[in-house]
Amino acid sequence: ALKRHGEAKRCLAESDPETFNSVTMPEGVAPLAVAELNSPDDLSESDVRWIGSFNEAKAADDAEFRQTQIERAGDALDKLAKRQRGKRPLSKQNLQCKIKNTLKRHKAGKLLSVTVNERGPPRLSWEVDEDAVTKAARLDGKALFETTCSRERLSASEVACAYRDRDTVEKFMES
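These numbers were taken from a predicted model, which means no experiment stands behind them.

**Regarding the side chain of R66**
No. 1: Considering the arrangement of structural elements, one finds R66 in helix α3 (residues 56-84).
No. 2: A distance of 2.7 Å separates the side chain of R66 from the side chain of D140, its partner in a polar contact.
No. 3: Beyond its immediate stretch of four places on either side in the chain, R66 contacts L111, V133, A136, A137 and D140.

Following this line, the structure appears as structure tokens:
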């Protein structure tokens, strides 16, 4: 597992898809683009290299998945809001617990801004946090590989292909 997860996400988010170079893949394999990324300063003197990859189809899938999760979470929050206007509303503590569980179940906690009023009977309102959605979209279709193989031994494209081959072999062995 990558120990510098936050730094890796930042590095990937800052890289534009246009900076990735296409890799020739065998027929029937999803297209892939790769780029050598700058590893953190504390790794720059070691042999560690960061290779970023970008897959346009995966980026579209990621965006569609995020939108679906936002819609599902929104529907669930709308039901909670409607219940709060009914005859038996939840207490503020129970409402906040249900909100937390809803956002967790739909993996939308960082993408939605939810508020519960301070005074009076607990009511909730929510909206999509467009800044968070934009930030999440910067990672769509991207992955990062960390390797100690030198550039002479494996190019950036060979690192990404080796990872894909490893993944294929592992899936085959699971069958």
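**Here we look at a positive patch on the surface**
No. 1: A contiguous patch of positive charge, built from R83, R88, K98 and R105, is present on the exposed surface.
No. 2: Structurally, the position occupied by R88 is in the loop between α3 and α4 (92-105).
No. 3: Relative accessible area serves as the criterion here: at 72%, R88 is assigned to the exposed category.

**Comments concerning α4**
An α-helix turns once every 3.6 residues. As a result, residues three or four positions apart point the same way.
No. 1: With 14 residues, α4 should reach 20 Å at 1.5 Å per residue; the first-to-last C-alpha distance of 20 Å fits that figure.
No. 2: Of all the residues in α4, the buried ones are L95, I99, T102 and L103. The arc that holds every buried residue of α4, seen down its axis, measures 95°, which confines them to one face. Exposed and facing more than 90 degrees away from the buried side of α4 are Q93, K100, K104 and R105.
No. 3: On the buried face of α4, the contacting elements are α3, β4 (112-116) and β5 (124-128).
No. 4: Just past α4, the residue K107 takes up positive phi, approximately 50°.

Rules of the game
- Residues numbered from 1 in each chain as written.
- Predicted model: local features only at pLDDT ≥ 70, side-chain atom pairs only at ≥ 80, totals over all residues.
- Heavy atoms only, no water.
- Helix = DSSP H or I, 4+ residues; strand = E, 2+ residues; numbered from the N terminus.
- Polar contact = N/O pair within 3.5 Å; in protein donor to acceptor, adjacent residues only side chain to side chain.
- Contact = heavy atoms within 4.5 Å.
- Patch = residues over 30% accessible without salt bridge, like charges linked within 9 Å, V, L, I, M, F, W, Y side chains within 5 Å.
- Areas by Shrake-Rupley, 256 points an atom, 1.4 Å probe, with all protein chains shown as cover.
- Salt bridge = Lys/Arg side-chain N within 4 Å of Asp/Glu carboxyl O.
- Lys, Arg positive; Asp, Glu negative; His and termini not counted.
- Charge placed at Lys NZ, Arg CZ, Asp CG, Glu CD.
- Buried < 20%, exposed > 50% of the residue type's maximum accessible area, 1.4 Å probe, protein only.
- Expected span 1.5 Å × (residues − 1).
- Arc of directions from axis to C-beta.

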